[in-house]
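# Reading the structure
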Amino acid sequence: HHAKIPLHEVAKAIVGTSPDVGLNVIVLGAGSGVLETRLVQDLAAMQSKVDVDLCLLDISQPLLSVAYKHAVETLGGIAGVNIWAMQGNFHRLGSYTRLNAQPSRTPRTRVYTILGCTLASLDDEAQFVMDNLNAIARPSDYLVLDLQLACGKTPEEIMASEPALRSEIPKPTARWLEGPIRRSCPDVRDIQMSCRLDPAPVQGSYTLTVLATVRSQSQGERVFSMFRFRRHDKSLFIRTMDELGWELVACPPMNPPPDREVSAVLVFRRR
C-alpha cells in the first residue's frame, strides 16, 4: 500500500496550486514517517526556492523517535528544510500554539497529512474534521489522506465481496495480533481470529473488527476486540468533506493502477 501511493503526484498538486509559498507540513500520526518524508522530498524538489517546515506529531514517543531519525537522515542535507517533532495527541490540535502560529510578514500554507491508514483509528472522521481541523485550518490549507475503499454499499454486497469476511485472517496478521495476548496470558491454549462487519459513522463507510476468541487453562472462553479496519465509499467521502468545507484538489491513481480500486489517496484544500 505504501509503495503504491503516488506521492509525486500529490506534491505536484500542492506546489502547482501554491507556487512560491512556504509550506508547513504537519504530520498527524507520524508512525515511521516514511511516507511523509518522501512527500517532503518531492515538495522540496518542485519548489523554485526550497522552504518546507516538517513537523512530526505522534502520541507514541518510540514511534516519534523512529520517524524523526528517518526524516533527519533523509532530509537533513537539504537546505531550506526544517525538521522538528512534537509528542502529542492530534485530537488536541487547537491547544498546540506553535503549530498554529502564522508569521506576520511571510505567508505560509499548511499541509496536514493523515497517511498510513491512520484515518481508521478515528472514532468519527467527520467529527474529527469539524472539532479539530476546521478549528485551526485557514483557507488554502491542504489535507492529504489515504483510504481503504468499500467493497459494496449494502450489508449483503459487503458480505459477498469483502475479502476479509470471506476468508481467514492471514497468518502473519494473526500472529501479530496474537502477540499481546500470548505475552500477558502464558497459559493460553488456543486463539481463533475472526472478522466482524460493524457500522461506521460516515455515510458509505463500514468497520471490520478483528475478534480473538481465547481459550486458556486458568479461565474460560473470552472474546477480545483486537483491531479495527475502516472502509469508505470514495465518492460519498469526498462529498462529506466538501460539506465540511474541504474541496478535492487531486485524486491521483495508485501506481501502478490496480485491476480493482482498493485504496485511494486524496488531496483536499480548505475553502
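Before any of the text, the structure's been laid out above.
Residues numbered from 1 in each chain as written. Predicted model: local features only at pLDDT ≥ 70, side-chain atom pairs only at ≥ 80, totals over all residues. Heavy atoms only, no water.

## Details of the sheet that holds strand β7 (residues 206-216)
Neighbouring strands of a sheet are bound in pairs by backbone hydrogen bonds; such pairs are parallel or else antiparallel. Applicable threshold: If DSSP finds at least two bridges between two strands, the strands pair. Helix and strand assignments come from DSSP, with helices taken as H or I runs of at least 4 residues and strands as E runs of at least 2, each series counted from the N terminus. Note on method: axes are straight lines fitted to C-alpha atoms, helices fitted across the in-contact stretch only, with angles between N-to-C directions ranging 0 to 180 degrees. What makes two residues a contact is simply this: any of their non-hydrogen atoms within 4.5 Å.
Read across the sheet, three strands follow the order β6-β7-β8 without closing on themselves; strand pairing throughout is antiparallel. The two strands at the open ends of the sheet, each matched to only one other strand, are β6 (188-199) and β8 (222-231). On average, adjacent strands in this sheet sit at an angle of 20 degrees to one another, irrespective of strand direction. Summarising the sheet, β7 and β8 pair through nine bridges and their orientation is antiparallel. Bridging across to β8, Val210 finds its partner in Phe227. Sitting on the sheet, helix α8 (residues 171-184) is in contact with β6, β7 and β8, with an inclination near 120 degrees to β6.

## Re the side chain of Arg230
Let me state the cut-off plainly: Residue burial is assigned from relative accessible area. The probe radius is 1.4 Å, only protein chains are included, and a residue is buried under 20% of its type maximum, exposed over 50%, and partly exposed in between. Pairs of N or O atoms are called polar contacts if they sit within 3.5 Å, as long as, within protein, a hydrogen donor faces a hydrogen acceptor (for residues adjacent in sequence, only side-chain-to-side-chain pairs).
As for its position among the elements, Arg230 is in strand β8. Accessibility expressed as a relative area gives 4% for Arg230, which makes it buried. A distance of 2.8 Å separates a polar atom in the side chain of Arg230 from a polar atom in the side chain of Glu125. Within the structure, the side chain of Arg230 is placed 2.9 Å from the side chain of Thr207, a separation counted as a polar contact. Residues contacting Arg230, with those up to four places away along its chain left out, are Ala120, Leu122, Asp123, Glu125, Gln148, Ala200, Pro201, Ser205, Tyr206 and Thr207.

## Describing the side chain of Thr209
In this fold, Thr209 is placed in strand β7. For Thr209, a relative accessible area of 8% puts it in the buried group. Among the polar contacts listed, one links the side chain of Thr209 to the side chain of Asp198, at a separation of 2.6 Å. Setting aside anything within four residues of it in sequence, one finds Thr209 in contact with Ser194, Cys195, Arg196, Asp198, Ser225 and Phe227.

## Section: the pairing of strand β1 (residues 22-28)
Regular strands show a simple pattern: their side chains alternate between the two faces of the sheet. Short version of the rule: Crossover handedness is defined here as right-handed if the route from the first strand over the helix to the second strand goes clockwise, with the strands pointing away from the viewer.
Among the seven residues of β1, seven are classified as buried, and the element is accordingly described as predominantly covered. On β1, burial covers both faces: Gly22, Asn24, Ile26 and Leu28 on one face and Leu23, Val25 and Val27 on the other are all buried. Judged from the six bridges that link them, β1 and strand β2 (residues 52-58) form a sheet pairing that is parallel. Across the sheet, residue Leu28 finds its bridge partner in β2, namely Leu57. As for the winding sense of the linkage, the β-α-β connection from β1 through helix α2 (residues 34-46) to β2 is right-handed.

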